[in-house]
Amino acid sequence: YLGRTYPECFIGTEATDWLSRTYGMTRSGAVVLGQRLMDLQLVRHVLDGHDFTDAGYYYQFCPMAMASRR
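The residue numbers shown here count from 1 along each chain, following its written sequence. It should be noted that, the model being predicted, local features are given only for residues of pLDDT at least 70 and side-chain atom pairs only at 80 or more, the latter also being counted only at that level, while totals for whole chains, interfaces and linings use all residues. Hydrogens and waters are ignored; side-chain quantities use all the structure's heavy atoms.

Student: Help me out: how do you make sense of unusual backbone geometry in this one?
Tutor: Only a minority of non-glycine residues have a phi that is not negative, and only a minority of peptide bonds are not trans. A positive phi is found at Gln41, a non-glycine position, where the angle reads about 60 degrees. For the purposes of this entry, the term helix denotes a DSSP run of H or I that reaches at least four residues, the term strand denotes a run of E that reaches at least two, and both are numbered from the N terminus. If you trace the backbone, Gln41 turns up in the loop between helix H2 (27–39) and strand E2 (43–45).

Structure (structure tokens):
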């Protein structure tokens, strides 16, 4: 699994670091934000069964979900 390539994806720890730096929030706050984005189906895990606290796994944005919310 970890040896596969997932184009246009990001790793949870990288997203947490980015959110923390960009928005000046704690890492735990960034994880909560990531979980909220998953609840809104704006971010999803490339495989089922993981939430945003599974930081070493791959996630991707869901552009169709974003477009439908405009």
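Next comes the rest of the write-up.
Student: In this structure, what is going on with the pairing of strand E3 (residues 58–61)? I would like to understand it.
Tutor: The two faces of the sheet receive side chains in turn, since in a regular strand these alternate between them. At least two DSSP bridges between two strands are required for those strands to pair. Pairing analysis gives 2 bridges linking strand E1 (residues 10–11) to E3, with the strands arranged antiparallel. Along E3, the bridge assignment pairs Ile11 with Tyr58. Bridge count for E2 against E3 is 3 bridges, and the pairing is antiparallel. Note that in E3 the partner of Val43 across the bridge is Phe61.

Student: How do you make sense of the sheet that holds E1 when you look at a structure like this?
Tutor: Whether parallel or antiparallel, the strands of a sheet pair through hydrogen bonds between backbone atoms. In space, the 3 strands of this open sheet follow the order E1-E3-E2, with antiparallel pairing throughout. Looking at strand neighbours, the two that pair on one side only are E1 and E2, the edges of this open sheet.

Student: I would appreciate a short explanation of the pattern of salt bridges in the present structure.
Tutor: Pairing between side chains of opposite charge can happen when the charged atoms of each approach one another. We define a salt bridge as a contact between a side-chain nitrogen of Lys or Arg and a carboxyl oxygen of Asp or Glu at a distance within 4 Å. For the structure on display, the rule yields 1 salt bridge. Taking the shortest distance from any N to any O, the salt bridge between Asp17 and Arg27 comes out at 2.2 Å. Of this pair, Asp17 sits in helix H1 (residues 12–23) while Arg27 is found in helix H2, placing the two residues 10 residues apart along the sequence. Summary of the burial criterion: residues with accessible area below 20% of their type's maximum are buried, those above 50% are exposed, and those between are partly exposed, where the area comes from a 1.4 Å probe applied to protein chains only. Asp17 sits in the partly exposed class, given a relative accessible area of 33%.

Student: Even after reading the chapter, I still don't get H2, so can you show me in this structure?
Tutor: Because the α-helix completes a turn every 3.6 residues, residues three or four places apart line up on one side. An ideal rise of 1.5 Å per residue puts 18 Å on 13 residues; H2 measures up with 18 Å between its terminal C-alpha atoms. Taken together, the buried positions of H2 are occupied by Ala30, Gly34 and Met38. In a view along the axis of H2, the buried residues occupy a sector of 85 degrees, so they form one face of it. Turned more than 90 degrees from where H2 packs its buried face, Ser28, Val32 and Asp39 sit exposed. Contacts from the buried residues of H2 go to H1, E2 and E3. What a helix should span is 1.5 Å times the count of its residues minus one. Working note: the arc is built from the helix axis to C-beta atom directions. The criterion used for residue contact is that any of the two residues' heavy atoms lie within 4.5 Å.

Student: I'm lost on the packing of aromatic side chains in this one. Help?
Tutor: To describe a pair of aromatic rings, one takes the distance between the centres and the angle between the planes. What counts as a ring pair is set by centres within 6.5 Å for rings of Phe, Tyr and Trp (its six-membered ring), and what kind of pair is set by the plane angle: stacked under 30 degrees, edge-to-face over 60, tilted for all other angles. This structure, assessed with the given rule, holds 1 aromatic pair. Aromatic pair Trp18 and Tyr23: ring centres 5.9 Å apart, planes at 85 degrees, arrangement edge-to-face. Of the residues examined, Trp18 reaches a relative accessible area of 45% and is grouped as partly exposed. With a relative accessible area of 53%, Tyr23 lands in the exposed category.

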